[in-house]
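The lines below spell out each chain.
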Amino acid sequence: MERALRDKKAICFFVLPALIWFCAIALLPVFQSAGYSLLDWDGIRDAKFIGVENYIKMLGDPLFYKAVWNSILLAAASVFIQLPISMVLALVLAGGVRGENFYRNAFFVPVIISGTIIAHLWMKIYHPSYGLLNMGLEALGLSSLTREWLGSEGTALAACFVPMVWQYIGYHMLLFYSAAKSISPEIIEAAQVDGATGFQTAWRVIIPMIVPMIKACVIFAIIGSLKSFDLIYILTNGGPVHASEVPSLLMYKKIFISNEYGYASAIAIFIILECLLFTFIVQKIFNRIQKE
Amino acid sequence: MKLKKLFSIMLVGAMVLTMTGCGSSGNDAGTESKTEESAAVEDTAETESAEDAGAVQESTGTDEEINLTFWHIWPDADMGAIVDSYVELFEKEHPNVHIESVATQEVEYQNNKLKVAAATGSQGDVFMSWGGGYAKAYVDAGVVLPLDDLMDKYGTKDELLDGTLTYATYDGKTYGLPLKQWAGALFCNEELFAEYEVEIPETFDELLEAVKTFRAAGVTPMVLGAKDGWHIGMIQNALAVRTAGADYMNLALQGEETLDTEEIVKSAELLCQLNDAGAFPDGTLGLGSEESQEEFYMGLVPMYYGGSWVSSGCDSDENEIQGIIKAVPMPTVEGGKGGINSFSGGAIDMMMINANTENPEMAYEFAVGVTKYMSEEAYKIGDSLPAWKIEVDESEISPTLRQVEELIKNADGYVLAWDTFLEGAAIEAHYELLQGLIAGTTSPEEFAAGMQAAQEEVKGNAE
């Protein structure tokens, strides 16, 4: 087997089917979209080649900047709120608490629930007249804090972020948890023998050892945020008045409501480039951290 | 070692096989099951053909197997059962025909499924569609079959009510068979009106007063789920019929008159007045139409301006407002050009036939049959008004729909919902501007000017 793996031809042979598959369903559509993005096309009637006009239109559209800014805010919320919470939970669980398995599973439940269901769940929580949140606030005598959470421009975006951040806490927690668990117990025992407190062990021993996993999680979190669609689509559909617009939602509306296939393809290409750019930046930052 | 190599080659082979299997399974599975089913149909065909042969041969001339796909938008129980029962009936009458129904939820179908399929002309042989601006791109692209020859041959036009083909006609040719007509009305919960001692409004000023009274009493006066732009449009479009008149609106929406007139500004202004008076639910911009109308059906909200389809909910056993709903026309506006007899509505829901179908005659026969049948059944359950000349026992009809029918007896003009009339980007602009009005970020003047600009852009691109 080992010899077979050293054989370049064998490697090619094994990789080829998956590669072809990947190209056909992942790479090819990207290039097709790039082609479409140069057309003035409604998806049905004849297309007209217009060069980079769609991109010029995109860069001149204030709505586009708003959507991109919202998605970057979401990415920031994911990295600076979601991941730290996941990390704390993971470290506490990995440190060994009673009912470790139960908590691990409980935190993971939102990840396996479909996004649509989560969105509907939170829609009910946010409902202005009989929602759990407003009723809870009133019960506590805080009626002045009740809001039309999804219906007012000031709160809609934040109200969308909460379930989005909440949903994937368990996912990142599990990744951190398994990474922390894979550290050999001798190292942790050695730290404890040297008199390190629980916090010091976590901060100086465990976290530095799971940096590669942290990197992966940061990339997942950022890319997931930049591509986010389902929850916002159901919760607010980008409204009110575009307060919670994100690029993939904008793309969807341009294709399926406005019939602007070319313009939507240009947005798609932008999302791909944006994701690649952020991945590249995160890689660079972590390479530097890992060197230190 | 050799064995291992052999094994790995087998593994790879198996993988490739499963993959190619995947690649075409989508189609294969479909045709396979179809042929199996049609084989079954054939069996029954042989036994029944003796009695039915006459009728079938008359229409098709042959006894060959015919498979038709039928795309519709009623996956739900009520309407779905009606469609299925007709398909069954048709297959019984035509033993050599097998019909495969594909049901998709309406919004997904309208926005995604049909658009994607129509781009390659691969939609169902008979497919649900909408006339006006929606199907224009399909007609231009040549994926819809013109029906005039077939209509003349079967004398179909005589069976249809007047004016129902208006929005199925493009450049003088007919492309669709109307399924139903709708008309807008203000549905009022008489019990709540009595409880709060409010008169059912006949003029806009009275409506505004009613809104204020209900709001002061802590009752949400009107249904509105402003997250769905079309739901706001229902109200504003109806107000525009009152301010600008039906004739003008029809011309303006076709692009022959402008949309940035004083009257249309006024219609948006009236909507804003209602909004400012607290007519709509708190947080309406975060509510969808279905969520919002639920409170009306529960008897908590006194007024709902909507299409005739609201009737079916009013008379449904599931809801608590049976027998206490009064349907009245949209209140009149002082100085408006549209009187009490002009309405929002028309016939826009159509059955169309794929230009690529192999059996246009049979598809047509089915399409006529199903539209006529559904027209009647939908009428009975209070979903919509018929588009065909049909005779229905009055006692079978939903009582609330009967009221709507009474209202439109003397109708002198109809205007479709703008979003079915307009095309592409203008629809999105319409929704955005309407939401802007409710959010207070768009002024009525900006609304009218924005609609005109969007209309010009779309029309300009099309030419």
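These remarks concern the structure in this document. All values reported here derive from a predicted model rather than from experimental measurement. (Residues numbered from 1 in each chain as written. Chains lettered and ligands numbered in written order. Predicted model: local features only at pLDDT ≥ 70, side-chain atom pairs only at ≥ 80, totals over all residues. Heavy atoms only, no water.)

Considerations on the overall build of chain B
So, step 1. A tally of regular secondary structure across chain B gives 17 helices and twelve strands.
So, step 2. Evaluated residue by residue, chain B yields a buried proportion of 55% over its 463 residues.
So, step 3. Long-range contacts, defined here as pairs at least 24 residues apart, represent 77% of the contacts in chain B between residues at least 6 apart.
So, step 4. Of the roughly 19,800 Å² of accessible surface on chain B, 50% is carried by carbon and sulfur atoms. (Helix = DSSP H or I, 4+ residues; strand = E, 2+ residues; numbered from the N terminus. Buried < 20%, exposed > 50% of the residue type's maximum accessible area, 1.4 Å probe, protein only. Contact = heavy atoms within 4.5 Å. Areas by Shrake-Rupley, 256 points an atom, 1.4 Å probe, with all protein chains shown as cover.)

Examining the pattern of salt bridges
So, step 1. Following the criterion strictly, the structure yields 17 salt bridges over all chains and no others.
So, step 2. Glu260(A) is the partner of Lys254(A) in a salt bridge, and the nearest nitrogen-oxygen pair spans 3.9 Å. Across this residue pair, the class does not change: Lys254(A) and Glu260(A) are buried.
So, step 3. Each of Lys57(A), Lys254(A), Glu260(A) and Glu428(B) takes part in a single network of salt bridges with overlapping partners. (Salt bridge = Lys/Arg side-chain N within 4 Å of Asp/Glu carboxyl O.)

Brief notes about the side chain of Gln455(B)
So, step 1. The topology assignment puts Gln455(B) in helix α17 (residues 444-462).
So, step 2. In this structure Gln455(B) comes out as buried when scored by relative accessible area, which is 5%.

Structural notes on the pairing of strand β7 (residues 182-189) of chain B
All names here are of chain B.
So, step 1. The buried fraction of β7 is high, at eight of eight residues.
So, step 2. On β7, burial covers both faces: Trp182, Gly184, Leu186 and Cys188 on one face and Ala183, Ala185, Phe187 and Asn189 on the other are all buried.
So, step 3. Across two bridges, β7 lies against strand β10 (residues 342-346) in antiparallel orientation. When the bridges of β10 are listed, alanine 183 appears paired with glycine 345.
So, step 4. When β7 meets strand β8 (residues 303-307), the two strands line up antiparallel, connected through five bridges. (Pairing = 2+ DSSP bridges.)

Focus on the packing of helix α8 (residues 229-244) of chain B against helix α10 (residues 262-276) of chain B
Residues and elements named next belong to chain B.
So, step 1. One way to put it is that α8 packs onto α10 with a least axis distance of 8 Å and a crossing angle of 130 degrees. Relative to α10, the element α8 is oriented oblique. By crossing handedness, the relation of α8 to α10 is classed as right-handed. Contacts from Ile232, Ile235, Gln236, Leu239, Ala240, Thr243 and Ala244 of α8 reach α10 at Glu263, Lys266, Ser267, Leu270, Leu271 and Leu274.
So, step 2. Residues of the contact of α8 with α10, tallied by class, amount to eight nonpolar, three polar and two charged. (Axes fitted to C-alpha atoms, helices over the stretch in contact; angles between N-to-C directions. Parallel < 35°, antiparallel > 145°, perpendicular 65-115°, else oblique. Left-handed = near helix turned anticlockwise from the far one by under 90°. Nonpolar A, V, L, I, M, F, W, Y, C, P; charged D, E, K, R; others polar.)

Overview of helix α4 (residues 62-94) of chain A
Residue and element names in this part refer to chain A.
So, step 1. Helix length check: α4, at 33 residues, gives a terminal C-alpha distance of 46 Å against a target of 48 Å (1.5 Å per residue), a fit within 8%.
So, step 2. Along α4, the helix axis deviates most sharply at serine 78, where the bend reaches about 30 degrees.
So, step 3. A side-chain oxygen of the first residue of α4 lies 3.0 Å from the backbone nitrogen of leucine 63; this N-cap is aspartate 61.
So, step 4. Positive backbone phi, approximately 90 degrees, marks glycine 96, located one or two places after α4. (Expected span 1.5 Å × (residues − 1). Bend = angle between axes of the 7 residues up to and from the residue. Polar contact = N/O pair within 3.5 Å; in protein donor to acceptor, adjacent residues only side chain to side chain.)

A closer look at the layout of surface pockets
Residue and element names in this part refer to chain A.
So, step 1. Taken as a whole, the second largest pocket spans an internal volume of roughly 590 Å³.
So, step 2. Lining the second largest pocket are 24 residues, with Val79, Ile214, Val218, Phe286 and Ile289 positioned closest to its centre.
So, step 3. Among the residues forming the lining of the second largest pocket, the class breakdown is 22 nonpolar, one polar and one charged. (1 Å grid on protein atoms, 1.4 Å probe; cavity = no way out; pocket = protein on both sides within 12 Å on 5 of 7 lines; lining within 4 Å. Points joined across faces, edges and corners; volume = space filled by probe spheres on them.)

Here's the deal with empty space enclosed by the protein
So, step 1. Summed over all chains, the structure comprises two cavities of 30 Å³ or more.
So, step 2. Taken as a whole, the largest cavity holds about 60 Å³ of empty space.
So, step 3. Lining the largest cavity are Met123(A), Tyr126(A), His127(A), Pro128(A), Glu148(A), Trp149(A), Leu150(A), Gly151(A), Gly283(B), Gly286(B), Leu287(B) and Glu291(B).
So, step 4. Considered class by class, the residues forming the lining of the largest cavity number six nonpolar, four polar and two charged.
So, step 5. Surrounding the second largest cavity, Gly184(B), Ala238(B), Val241(B), Arg242(B), Tyr305(B), Met330(B), Ser342(B), Phe343(B) and Ser344(B) form its lining.
So, step 6. Of all the secondary structure elements, the ones that give two or more residues to the lining of the second largest cavity are α8 and β10 of chain B.
So, step 7. Partitioned by chemical class, the residues of the lining of the second largest cavity number five nonpolar, three polar and one charged.

Digging into a negative patch on the surface
Residue and element names in this part refer to chain B.
So, step 1. A cluster of acidic side chains, namely Asp76, Asp78, Glu290, Glu294, Asp317 and Glu318, defines a negative patch on the protein surface.
So, step 2. Along the polypeptide, aspartate 78 turns up in helix α2 (residues 77-93).
So, step 3. The class of aspartate 78 is exposed, set by a relative accessible area of 55%. (Patch = residues over 30% accessible without salt bridge, like charges linked within 9 Å, V, L, I, M, F, W, Y side chains within 5 Å. Lys, Arg positive; Asp, Glu negative; His and termini not counted. Charge placed at Lys NZ, Arg CZ, Asp CG, Glu CD.)

Considering the side chain of Thr371(B)
So, step 1. Mapped onto the elements of the fold, Thr371(B) is located in helix α13 (residues 360-380).
So, step 2. Here Thr371(B) is in contact with Leu177(B), Pro178(B), Leu179(B), Met351(B) and Trp388(B), once residues within four sequence places are set aside.

As for the packing of helix α2 (residues 8-36) of chain A against helix α15 (residues 261-291) of chain A
Residues and elements named next belong to chain A.
So, step 1. Contact pair α2 / α15: the axes reach a minimum separation of 7 Å and the direction vectors enclose 130 degrees. The angle between the axes of α2 and α15 places the two elements in the oblique class. Here the hand of the crossing between α2 and α15 comes out left-handed. Each of Val30, Ser33, Ala34 and Tyr36 in α2 lies in contact with α15, whose residues at this interface are Tyr261, Gly262, Ser265, Ile269 and Ile272.

Notes on the packing of aromatic side chains
So, step 1. One pass over the structure, following the stated rule, counts 36 aromatic pairs over all chains.
So, step 2. Ring plane angle 15 degrees and centroid distance 5.2 Å describe the contact between Phe229(A) and Tyr233(A), whose orientation is recorded as stacked.
So, step 3. On the basis of relative accessible area, Tyr233(A) is assigned to the partly exposed category, the value being 23%.
So, step 4. One aromatic cluster in this structure is built from Phe70(B), Tyr86(B), Phe90(B), Phe366(B) and Tyr373(B).
So, step 5. Just above the ring of Tyr263(A) sits the side chain of Lys57(A); from NZ or CZ to the centre is 4.5 Å. (Phe/Tyr/Trp six-rings, centres within 6.5 Å; stacked < 30°, edge-to-face > 60°. Lys NZ or Arg CZ within 6 Å of the ring centre and 35° of its normal.)

Some remarks on a nonpolar patch on the surface
All names here are of chain A.
So, step 1. A contiguous nonpolar patch, built from Ile11, Phe13, Phe14, Val15, Leu16, Leu19 and Ile20 and spanning about 600 Å² of accessible area, is present on the exposed surface.
So, step 2. By the element assignment, phenylalanine 14 lies in helix α2.
So, step 3. The exposure class assigned to phenylalanine 14 is partly exposed, which follows from its relative accessible area of 34%.

Quick word on the interface of chain A and chain B
So, step 1. On the side of chain B, 36 residues touch chain A, which itself brings 36 residues to the contact.
So, step 2. Interface of chain A and chain B: buried area, both sides summed, is about 3,100 Å²; carbon and sulfur atoms make up 60% of it.
So, step 3. Here chain A and chain B share one salt bridge between them.
So, step 4. Here Lys254(A) makes a salt bridge to Glu428(B), at a shortest N to O gap of 3.4 Å.
So, step 5. Where chain A packs against chain B, one counts ten residue pairs in polar contact (both at pLDDT 80 or more).
So, step 6. Elements with a contribution of two residues or more to the side of chain A that touches chain B: α2, α6 (115-126), α13 (230-235) and α14 (247-256) of chain A. (Buried area = accessible area lost by both parts, 1.4 Å probe.)

Some details on the nonpolar core
So, step 1. Among the nonpolar cores identified, the biggest contains 123 residues, and Ile235(B), Met303(B), Phe366(B) and Trp418(B) are the most heavily contacted of them.
So, step 2. Judged by nonpolar contacts, the second largest core, of 43 residues, contains Val68(A), Ile183(A), Ala202(A) and Ala221(A). (Core = buried A, V, L, I, M, F, W, Y, C linked by side-chain atoms within 4.5 Å.)

Here we look at the sheet that holds strand β11 (residues 349-353) of chain B
Residues and elements named next belong to chain B.
So, step 1. Across the sheet, which stays open at both edges, the five strands sit in the order β2-β1-β3-β11-β6 with mixed pairing between neighbours. Since the sheet does not close on itself, it has two edges, and those belong to β2 (97-103) and β6 (176-178), each with one partner. Within the sheet, the average angular offset between the axes of one strand and its neighbour, ignoring direction, is 30 degrees.
So, step 2. Judged from the three bridges that link them, β6 and β11 form a sheet pairing that is antiparallel. Across the sheet, the residue bridging to leucine 177 is methionine 351, located in β11.
So, step 3. The strands touched by helix α3 (residues 106-118) are β1 (66-72), β2 and β3 (126-130); relative to β3, the strand with the most contacts, the crossing angle is about 115 degrees.

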